[in-house]
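# Observations on chain architecture
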Amino acid sequence: MHGDVAVGPVRSPAELRQFIDLPYRLYANDRLWAAPLRRDVQTLLSTRKNPFFEHAEVEYFLARRGERVVGRIAAIANRLHNEFHADRVGFFGFFETEPDRGGVVALVEAAAAWLKNRGFDTMRGPASFSTNDECGLLVDGFDTPPVIMMPHNPRGYADLLEGAGFRKAKDLLVYQGGSMETVVPTPERLTRGVELIRKRMGLTLRSLNLKDFAGEVDRIKQLYNRSWERNWGFIPLTEHEIDHLAVQFKPVVVPELAPFLEKNGEPVGFALALPDLNVSFRRNRRGRFLPGLARLLFDLKTRRIHRMRILLLGILPEYRGRGLDALLYHWLWETGNRLGIHWAEAGWILEDNAAMNAGLLKMGFTVYKTYRLYDRGL
């Protein structure tokens, strides 16, 4: 108990429903927020359905003032992160609250105690559940809507978390390119440059083949396992997690927006962009499954979504530093324009990843949002 706020772990299906329901109430009047499908949230939080729980343990907490739920938080013990980074960092995520400092302190203390009891020395977040999911607190760029799989929160959350003892760990930069008002042609300099690289290195580009989806997923796994870097905060996806994502993405993937870069028929790079499904979700305020899914599929079929998010872009280590990422960005830019998608978000990118940030700026992208990960000692 903290003042008149009581915090306790979620222990029943009814309490889990309250945990899921809170953001739909808090953001009811925020027209920028996109309501995720409730069924997707239930799957995400399910220890039976989400392969994240094969290497993690999570406790969900609710804060109440009387009978009213005023906040929520999750404490996350991610064994894979700790093995990969050889640290004792625990995480918090799914943080939502009414503007109440006392309630926030109570929530944070409950999650901190749970993590400390498991031997962690640092509490990091928000990450829901990890850096492979929605992560970071929005600290700049509040006047534009979030894209698919990116967080959104009120301006006041940063002050509330900092008031509860958190300090900046790292900023995540998000870029935009193109325009929602008009078609922006691919820069001529970029087109000339990528054509020179392609011919000099004997490279080809192709779209994802949906008829061989399982085989394409296997190729992505091989590229992913060889392409990842030991960047700050990064953890590799497991095979089960990649398979799980593939099942989720298959109904909405646009093959032309998932290019493979090949040399002598072997993949050396890959990118994945998705139409911004939040355009549809923003019109389904309660996150209901059937009307939400029907509207989404209709919007995709009739090409009513003119925004996309570039989620993944990877190049094998032996081919880096040669401009191959530009070939993939150029493909997505050209293909997006052809499909009626004239604006893209790229990111997030760590603030100190100089090469990635410089490359995006050179291609005409600009930073338009900043998210922040926080640390607090335990």
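Our subject is the structure that appears above.
Just so we're clear, the structure is a prediction, and the values are computed from it rather than from any experiment. (Residues numbered from 1 in each chain as written. Predicted model: local features only at pLDDT ≥ 70, side-chain atom pairs only at ≥ 80, totals over all residues. Heavy atoms only, no water.)

Once that is clear, we can look at the overall build of the protein. Tallying secondary structure elements over the protein gives twelve helices and 15 strands in all. Over its C-alpha trace the protein gives a radius of gyration of 21 Å, about what one expects of a compact globule, namely 21 Å for 378 residues. Overall size of the protein, expressed as C-alpha extent along the three principal axes, is 70 × 45 × 35 Å. In the protein, which comprises 378 residues, the proportion classed as buried is 54%. Here the contacts in the protein between residues at least 6 apart in sequence split such that 77% fall between residues at least 24 apart. Working note: accessible area of the protein is about 17400 Å², and carbon and sulfur atoms make up 53% of it. Taking the average place of the 53 positive charges on the side chains of the protein and the average place of its 45 negative ones, the gap between the two points comes to 4 Å. (Helix = DSSP H or I, 4+ residues; strand = E, 2+ residues; numbered from the N terminus. Rg over C-alpha atoms; globule rule 2.2 N^0.38 Å. Buried < 20%, exposed > 50% of the residue type's maximum accessible area, 1.4 Å probe, protein only. Contact = heavy atoms within 4.5 Å. Areas by Shrake-Rupley, 256 points an atom, 1.4 Å probe, with all protein chains shown as cover. Lys, Arg positive; Asp, Glu negative; His and termini not counted. Charge placed at Lys NZ, Arg CZ, Asp CG, Glu CD.)

Here the focus is the nonpolar core. Counting 64 residues, the largest nonpolar core has Y60, I73, M123 and F129 as its most contacted members. Looking at this core, the element that brings in the most residues is helix α4 (residues 101-116), giving nine residues. Excluding residues within four positions of it along the chain, I73 makes contact with F19, E59, Y60, F61, F92, G93, F94, F95, L107, V108, A111 and M123. Listed in part, the 59 residues of the second largest apolar core include Y224, L237, A246 and L328. (Core = buried A, V, L, I, M, F, W, Y, C linked by side-chain atoms within 4.5 Å.)

On any regular strand, side chains alternate: one points to one face of the sheet, the next to the other face. Alignment of strand β9 (residues 167-178) against strand β15 (residues 366-377), held across nine bridges, turns out to be antiparallel. Counted as the bridge partner of D171 is R372 from β15. Two elements, β9 and strand β14 (residues 343-350), share seven bridges in a ladder whose sense is antiparallel. What sits directly across from G177, in β14, is A344. (Pairing = 2+ DSSP bridges.)

One can find P146 in the loop between β8 (137-140) and α5 (157-163). Take P146: its relative accessible area is 3%, and that puts it in the buried class. Taking the C-alpha atoms as reference, P146 lies 30 Å from V7; in sequence the two are 139 residues apart. The residues touching P146, leaving out its near neighbours within four places in the chain, are L32, P151, H152, D276, N278, R282 and R307.

Attention now moves to the pattern of salt bridges. Applying the stated rule across the entire model yields 30 salt bridges. Put simply, R376 and E109 hold a salt bridge, and the shortest N to O gap is 3.0 Å. On the criterion of sequence distance, the pair formed by R376 in strand β15 and E109 in helix α4 is long-range, its members being 267 residues apart. With relative accessibility at 13%, the residue R376 sits in the buried group. Judged by its relative accessible area of 38%, E109 falls in the partly exposed class. A salt bridge links K199 to E195; its shortest N-O distance comes to 3.8 Å. Here the residue K199 and the residue E195 both occupy positions in helix α6 (residues 188-201), the gap between them amounting to four residues, near one helical turn. In this structure, a network of salt bridges that share partners links the residues R206, D212, E216, R219 and E262. (Salt bridge = Lys/Arg side-chain N within 4 Å of Asp/Glu carboxyl O.)

Right, let's get into helix α2 (residues 38-45). Each turn of an α-helix holds 3.6 residues, which means side chains three or four residues apart point in the same direction. If you check which residues of α2 are buried, you get R38, V41, T43 and L45. Against the buried residues of α2 lie α1 (13-26), β2 (56-65), β4 (89-97) and α8 (239-249).

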